[in-house]
Amino acid sequence: MMAGMGFGQSALQHPELRQEHVRLMGLCIEQILSPQVKAFDREMWGNDAIETLEGDPHHAAYLGYLNVLLSLHRLLVPDSQYAALNDRITDALVRRIGASKIGLIESYPREVYPVDNCMVIGSIGLHARATGTDRRALVGKWAANFRQKYVDRATGLVYQCVDADSGEALDCARGSGTALAVYALSFADMTLSRELYQATRKQLARTVLGFGA
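Residues numbered from 1 in each chain as written. Predicted model: local features only at pLDDT ≥ 70, side-chain atom pairs only at ≥ 80, totals over all residues. Heavy atoms only, no water.

1. Quick notes on the packing of helix α8 (residues 175-185) against helix α9 (residues 190-204)
This is how the line gets drawn: Geometry is summarised by axes, namely lines fitted to C-alpha atoms with helices restricted to the contacting stretch, and by angles between N-to-C directions that run from 0 to 180 degrees. Secondary structure elements are defined from DSSP: runs of H or I of at least 4 residues count as helices, runs of E of at least 2 residues count as strands, and each element is numbered from the N terminus. Relative orientations are named as follows: roughly parallel for angles under 35 degrees, roughly antiparallel for angles over 145 degrees, roughly perpendicular for angles from 65 to 115 degrees, and oblique for any other angle. Handedness of a crossing follows from how the near helix is turned relative to the far one, being left-handed for an anticlockwise turn of less than a right angle and right-handed for a clockwise one. Note on contacts: a residue pair is in contact if any heavy atoms of the two residues lie within 4.5 Å. In this classification, Asp, Glu, Lys and Arg are treated as charged, Ala, Val, Leu, Ile, Met, Phe, Trp, Tyr, Cys and Pro as nonpolar, and every other residue, Gly included, as polar.
Relative to each other, α8 and α9 sit at 150 degrees, their axes nearing to 8 Å. As summarised for this structure, α8 and α9 are arranged roughly antiparallel, according to the angle between their axes. Helix-helix and strand crossings are classified by hand; for α8 and α9 the assignment is left-handed. The segment α8 lies against α9, with G175, T178, A181, V182 and L185 engaging M190, L192, S193, L196, Y197, T200 and L204. Of the residues belonging to the contact of α8 with α9, the class tally is eight nonpolar, four polar and no charged.

2. Notes on the side chain of S71
Our working rule: Relative accessibility thresholds used throughout: buried, under 20% of the residue-type maximum; exposed, over 50%; partly exposed, between the two (1.4 Å probe, protein chains only). Pairs of N or O atoms are called polar contacts if they sit within 3.5 Å, as long as, within protein, a hydrogen donor faces a hydrogen acceptor (for residues adjacent in sequence, only side-chain-to-side-chain pairs).
Among the secondary structure elements, S71 is positioned in helix α4 (residues 60-76). Residue classification places S71 among the buried residues on the basis of a relative accessible area of 0%. From its side chain, S71 meets the backbone oxygen of S123 in a polar contact 3.1 Å long. Setting aside residues no more than four positions away along its own chain, S71 makes contact with N86, S123, L126, H127 and A130.

3. Some points on the pattern of salt bridges
Heads up, the rule is: Think of a salt bridge as a Lys or Arg side-chain nitrogen and an Asp or Glu carboxyl oxygen that are within 4 Å of each other.
One pass over the structure, following the stated rule, counts 11 salt bridges. Across the salt bridge formed by E51 and R42, the nearest N and O atoms sit 3.9 Å from each other. Using a relative accessible area of 61% as the deciding quantity, one classes E51 as exposed. The exposure class of R42 is partly exposed, given its relative accessible area of 37%. Each of K38, R42, D48 and E51 takes part in one network of salt bridges that share partners.

Structure representation (structure tokens):
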């Protein structure tokens, strides 16, 4: 997924690379859709993420990360061969987020990770940009809930894991997840992304002998 995003972003910024890097994005997408890559998620859920899009299993991790890449491919190639799949996944994620009483969906049964949900909402935001769909109300409502419930007030960092029923934090706030959330949310809510970036710098950035860490 990250390789595909890198190819997509370089294709956007460097026209001379566009054709080749879009092709490479397609190879990355095909890998993610392969049985080997889907195996872990399928084993955890006991069903296939793509085959159950009209159903209830959330599959936040697999679908969220995949859909960010599909949405970026759609932005580069409006008539993308993955357009129908991108629409189906986005519709399923929007429906599942809307039905969640805590505003987050499960990566695996009873396992909820806020950072994976940032990928979900990032994919929805990027899909909206690629297709001209208005998702501002959904993204704004989601971001307000996320900011209130899933960002540690003491540090400004994102909680790593929360309870599937109550949304209460089950693990501490972490820089690793927060940094990944910064990236994902840049595609949906730049204000929240910037807030998390600034918190990460404030809490975790250090200079040692002139070197940044």
